[in-house]
Amino acid sequence: MNHEKYIKRCLELAEKGIGTARPNPSVGAVVVYQDRIIGEGYTSDYGGNHAEVNAIHAVKNKEQLKEATIYVTLEPCSHYGKTPPCADLIVRSQIPNVVIGCIDTNSLVAGKGVERLRKAGCSVTVGVLEKECKEQHKRFFTVQNKKRPYIILKWAETNDGFVAPITKDEQKPVWISNQYSQQLVHKWRSEEHAILIGTNTVIADNPSLTVRSWTGRNPIRIVLDKNLRISQEANVFDVNVKTILVTETREEERQISKEKENVIYEEIDFKTNIAQQVCEVLQKHHIQSVIVEGGTKTLQTFIDAELWDEARVFVGNIEFRNGVKGPEIKGKIINKENIDNDVLKIYLND
């Protein structure tokens, strides 16, 4: 049987749950009988069914399960959480063969699912398209292994390396990338848990940081504002989306009357290790991934601290000749493609 063919289908299914399954990983699963898919599914919204449950429930003739193979991108869970263990369901369903893309590094699972299945007599194959499966579950694995969110840096710069002109008198914001790149960014926002920017970006551009040109959930907004310089009338404080304001201003110094519902204040020391402290705040709020869309200063803070996993850089077909220089980054370019007249470069922190 072509194991890779069916794990590829699992990967396609898992894409549908990215952005809604968290903090669970978005897993894909298919049930195959006589080289034909008879059931498939992916992880439901958090608190709902896992992928294996949805795939097994989709099988019309349950007798076929006794001669079937179930394929999953990630090791089936073996512990009780919001739902019962998937490994137990596979055993109860008498599915004899299980093919797994990659092992779950979560200490609650970490091989225990495979052990449970094998003890019950299942034939278990592990490591089919393992690299691709680990890539898809990178957010979940980063939280488990590094105790911080998966961090994506994103910015647009001109052909001559500037992210903003000296002044923005004529237009706010000044667009460097084209409309197709901007729509792609909104798609990315729908896939990630949070989005982070600094004070100057809010003051200069007054962004909403929402998903407007795509369908999906708006990310949680993380705003760095050391001295509470941002106006309470700014779009990031419209209370439509949960906003975490990271500040150095002590609680007793804040004007309580200005605090709003759905806006949470977190205090850090801006004198040292800002990126690490921000990561601790994000971890406290169980945030699985974040796009850093701030200006050069904010982005460089994470770069210099080596607290980033991926950078997505648009190079627009435009020159400023002067202005604010873009961040300086070193990393492995893993992809380079044209988005109409823009060039998109994807870096990995290697």
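Rules of the game
Residues numbered from 1 in each chain as written. Predicted model: local features only at pLDDT ≥ 70, side-chain atom pairs only at ≥ 80, totals over all residues. Heavy atoms only, no water. 1 Å grid on protein atoms, 1.4 Å probe; cavity = no way out; pocket = protein on both sides within 12 Å on 5 of 7 lines; lining within 4 Å. Points joined across faces, edges and corners; volume = space filled by probe spheres on them. Nonpolar A, V, L, I, M, F, W, Y, C, P; charged D, E, K, R; others polar. Domains from an automatic or database assignment. Buried < 20%, exposed > 50% of the residue type's maximum accessible area, 1.4 Å probe, protein only. Helix = DSSP H or I, 4+ residues; strand = E, 2+ residues; numbered from the N terminus. UniProt positions renumbered as here; feature names shortened; annotations may be inferred. Contact = heavy atoms within 4.5 Å.

Some thoughts on empty space enclosed by the protein
All told, the structure shown has 1 cavity of 30 Å³ or more when counted by the stated rule. Counted as a void, the largest cavity has a volume near 140 Å³. If you go around the largest cavity, you meet 16 residues; those closest to its centre are Ile-18, Asn-24, Ser-26, Arg-139 and Gln-288. Taken together, the residues that form the lining of the largest cavity break down as 4 nonpolar, 9 polar and 3 charged. Each of domain 1 (3–141) and domain 2 (148–348) accounts for three or more of the residues forming the lining of the largest cavity.

Considerations on unusual backbone geometry
Residue Pro-23 follows Arg-22 across a cis peptide bond; omega there is 10°. In the Ramachandran plot, Asn-273 falls in the positive-phi region, its phi being about 45° despite a non-glycine side chain. Overall, Asn-273 belongs to the exposed group, its relative accessible area being 56%. The phi angle at His-286 is positive, at roughly 55°, despite the residue not being glycine. For His-286, the location among the structural elements is in the loop between helix 9 (274–284) and strand 12 (289–292).

What to know about the UniProt feature "binding site: Zn(2+)" (unreviewed entry) in the protein chain
With numbering aligned to this structure, UniProt lists the feature "binding site: Zn(2+)" (unreviewed entry) at His-50, Cys-77 and Cys-86. What stands out for the annotated residues spanning 37 residues is how close their C-alpha atoms remain, the widest pair being 9.2 Å apart. The residue His-50 is located in the loop between strand 2 (36–42) and helix 2 (51–57) in this model. Among the residues examined, His-50 registers a relative accessible area of 18% and is labelled buried. Within the element layout of this structure, Cys-86 appears in helix 3 (residues 86–92). Discounting chain neighbours no more than four positions away, the residues touching Cys-86 are His-50, Glu-52, Val-53, Pro-76 and Cys-77.

Comments concerning the UniProt feature "binding site: substrate" (unreviewed entry) in the protein chain
UniProt tags Arg-189, Leu-209, Arg-212 and Glu-293 as "binding site: substrate" (unreviewed entry). Here the residues from the annotation list that line the largest pocket are Arg-189, Leu-209, Arg-212 and Glu-293. Its place among the elements puts Arg-189 in helix 7 (residues 179–191). Setting aside residues no more than four positions away along its own chain, Arg-189 makes contact with Ile-195, Leu-209, Thr-210, Val-211, Arg-212, Arg-217, Pro-219, Ile-291 and Glu-293. Take Leu-209: it is sitting in the loop between helix 8 (199–205) and strand 9 (220–224). Since its relative accessible area comes to 2%, Leu-209 is described here as buried. Setting aside its immediate chain neighbours within four residues, Leu-209 contacts Arg-189, Ile-195, Ile-197, Pro-219, Arg-221 and Val-236.

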